[in-house]
Structures are given as C-alpha cells and as structure tokens.
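# A structural walkthrough
For reference, the chains in residue letters:
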Amino acid sequence: MGQMDRLIIAIDGPSGSGKSTLARLLSERLGYLYLDTGAMYRAAALGARKAGIDIDDNQALAKFCSELDICFMVEEGAVKTLLKGEDVSEEIREPEMGMLASAISARPPVREKMVELQRRMGERGGVVLEGRDIGTVVFPRADLKFYLDASLAERAQRRGKELSEKGKKVELKEVMEEIKERDHKDRSRDLAPLKKADEAIVIDSTDKGIQEVLEEMLGYLIQK
Ligand code: DC
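In this report, the structure presented in the accompanying data block is examined. Within every chain, residues take consecutive numbers counted from 1 along the sequence as written. pLDDT decides what is reported in this predicted model: residues at 70 or higher carry local features, side-chain atom pairs at 80 or more are listed and counted, and totals for whole chains, interfaces and linings draw on all residues regardless. For side-chain calculations, the full set of non-hydrogen atoms in the structure is used, while hydrogens and water are omitted.

## Remarks on the site of the ligand
To be near a molecule or strand, a residue needs just one of its heavy atoms within 4 Å of it. In the vicinity of the ligand lie 16 residues, with R42, R111, D133, R182 and D186 positioned nearest. In protein, a polar contact means a hydrogen-donor-capable atom and an acceptor-capable atom, both N or O and within 3.5 Å, with residues adjacent in sequence counting only if both atoms are side-chain atoms; elsewhere, any N or O pair within 3.5 Å suffices. Taking D133, its side chain carries an N or O atom lying 2.8 Å from a nitrogen atom of the ligand. One nitrogen or oxygen atom from the side chain of R182 is found 2.8 Å from an oxygen atom belonging to the ligand. Summarising the interface, the protein chains cover 97% of the accessible area of the ligand, which totals 450 Å² for the free molecule. Secondary structure elements follow DSSP: runs of H or I of four or more residues count as helices, runs of E of two or more count as strands, with numbering from the N terminus. At the level of secondary structure, the elements contributing two or more residues to the shell around the ligand comprise α2 (37–50), α4 (95–104) and α8 (172–188). No other element matches α2, which puts four residues into the shell around the ligand. Charged residues are taken to be Asp, Glu, Lys and Arg, nonpolar residues to be Ala, Val, Leu, Ile, Met, Phe, Trp, Tyr, Cys and Pro, and polar residues to be all remaining types, Gly included. In terms of residue class, the shell around the ligand is built from two nonpolar, five polar and nine charged. Per-residue and other accessible areas follow the Shrake-Rupley method at a 1.4 Å probe size, with only the shown protein chains counted as cover for residues.

## Here's the deal with the nonpolar core
By nonpolar core is meant a set of buried Ala, Val, Leu, Ile, Met, Phe, Trp, Tyr and Cys residues that side-chain atoms within 4.5 Å join together. Here's how the labels work: a residue is buried when its accessible area is under 20% of the maximum for its type, exposed when over 50%, partly exposed in between, all with a 1.4 Å probe on protein chains only. Ranked by internal contacts, the top residues of the largest apolar core, which has 32 residues, are L68, I70, V110, M114 and L129. Contributions of two or more residues to this core are made by β1 (8–12), α2, α3 (58–66), α4, α5 (108–122), β6 (127–131) and α6 (134–138). The leading source of residues in this core is α2, at eight residues. Should any heavy atoms of two residues lie within 4.5 Å, those residues are counted as being in contact. Not counting residues within four places of it along the chain, the set of residues in contact with L68 comprises A44, L83, K113 and M114. Listed in part, the 21 residues of the second largest apolar core include L7, L25, L144 and I203.

## A short note on the packing of α4 against α8
How two helices sit against one another is set out by the angle between their axes and by the gap between those axes. In this analysis an axis means a line fitted to C-alpha atoms, helices contributing only their contacting stretch, and an angle means the value between N-to-C directions, from 0 to 180 degrees. Close contact between α4 and α8 brings their axes to 10 Å; oriented N to C, the two are set at 15°. Relative to α8, the element α4 lies roughly parallel. Considering the relative orientation of α4 and α8, their crossing is left-handed. Along the contact surface, α4 presents P95, G98, M99 and S102, while α8 presents E178, E181, R182, K185 and D186. Should an angle fall under 35 degrees it is taken as roughly parallel, and over 145 as roughly antiparallel, whereas 65 to 115 is taken as roughly perpendicular and any remaining angle as oblique. In this scheme the crossing of two helices becomes right-handed for a clockwise turn of the near helix relative to the far one and left-handed for an anticlockwise turn of less than a right angle.

## Focus: the sheet that holds strand β8 (residues 201–204)
Strands were regarded as paired on the criterion that DSSP finds at least two bridges between them. The parallel open sheet is built from five strands, whose spatial order is β2-β6-β1-β7-β8. Taken across any chain shown, the strands that pair with only one partner, and hence form the sheet edges, are β2 (33–36) and β8. Along the sheet, successive strands turn relative to each other by an average axial angle of 20°, direction set aside. Taken together, the four bridges between β2 and β6 define a ladder with parallel strand orientation. Bridge assignment links L33 to a residue of β6, and that residue is V127.

In short, geometric facts, not functional conclusions.
Following this line, the structure appears as structure tokens:
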C-alpha cells in the first residue's frame, strides 16, 4: 500500500446510513485504526447522566468535560468503549442514549473536548473516523471524505433490525420517529451541524448491499 499507509479517511452521515459498519470494514481492510466518534458522544451522555449533570448548566458541564475519561479498547477483535475504565459498549447503544448524545453534542464544552480528543487520536493518520462533523470540522483536510446517506425508511429498517437482533422489542414507526427527530436536531444545531463537506463523495446506500458500498469506497481509495 505504500503511501496509502497513513491516510485520514472521514465518513459522515445521518444515523442508520451504514457509517459504522463501513468504517469498521474499511479500517479492517486497510489495517487502520477505527474511530467511532458517535460512541464518544454517547459515552459522554451516559457519564453526564450518571453524574446527575444538568447539561444546560455550562459551568457544571465544563467541569464534567475537563474530567471526562473516555477511551477505546480492542477485545477479541471488537472495539469496546470505556468510560472511566468501565466497559459501557452495550449501555450506550440504548435508543435513549442516542437522543441524550444528540442533546449533549450540541453543547460547546462537549464539542470542544471531543474534537480535541479526536484530533489527537487521528492526527498520525492511518485512521477511519466516522461521525457527523469529521470532514467539516475535526479533519477538514482529511485525505478522503465520504458522505453516506440512505432513505429514512431504509435507515429505520436497519436500525430496527439491529435492535431486534439484540433482543429489543421495537416498533418500526417509533424507530423512524426517533431517527427523524435526531437527524433534525443534528442538522439544525448551531455548532458543527451535520452536513456534507464540499469535497465529500456522496454514496446513497438505500438500494445497495454493504459489500457493494465497501467496494465503491475502496475504488475511490485506489484512485488516491
Ligand atoms: O453516530 P451515533 O448515532 O452513535 O451518534 C450519536 C449522536 O452523537 C448523534 O445523534 C449526534 C452526536 N454526534 C455528533 O454530534 N458528532 C459526531 N461526530 C458524532 C456524533
């Protein structure tokens, strides 16, 4: 791979667009680090809830962020999210944690802290970062930027399947409402809203399989 060794690859898009799966597969294929930045916001949300922090209280939130301890660990091939050393990978996947993460991610002290952490973890390259603002804010000079999208119905279907496979009972209509609301919040916030970076390659995965999208992404990579 030679000079492809240390690229920074950004994948942004709304929830359920296939970002996580593709970022993971791409990083495995390339032997790159995989950074799920949504998991970081989810862990921050969980930490704030556990500590009883009012997220509208700037001072309390800033203090909470300065002490925030989030890291990733690979265990048996799977990436685990640790909050103060405790494995919270399962807990942060609850649908309500998505909503809480979306709310807390709109707060300035939280974004500041996360962006700093993400830059530090990614600056040496050889990394695939996935989120909402990677190509626009975290690494505006990323070597390759993708914007993944899919129809709302398809995204809800995927999310619903994911949850029911984990044994959670879900109503498709509710999942769709949740995604719709969260998308709206993530797109309309003042700070680092979800949007396509100018140079990002848009891939609509509505009628595509994972392998197909992966090959498409690898195709763009080879052109680099
Ligand atoms: O990707 P996800 O669904 O796990 O992300 C949860 C929330 O975190 C999402 O609704 C918005 C926020 N987020 C963000 O603001 N910026 C990112 N780079 C990643 C996630």
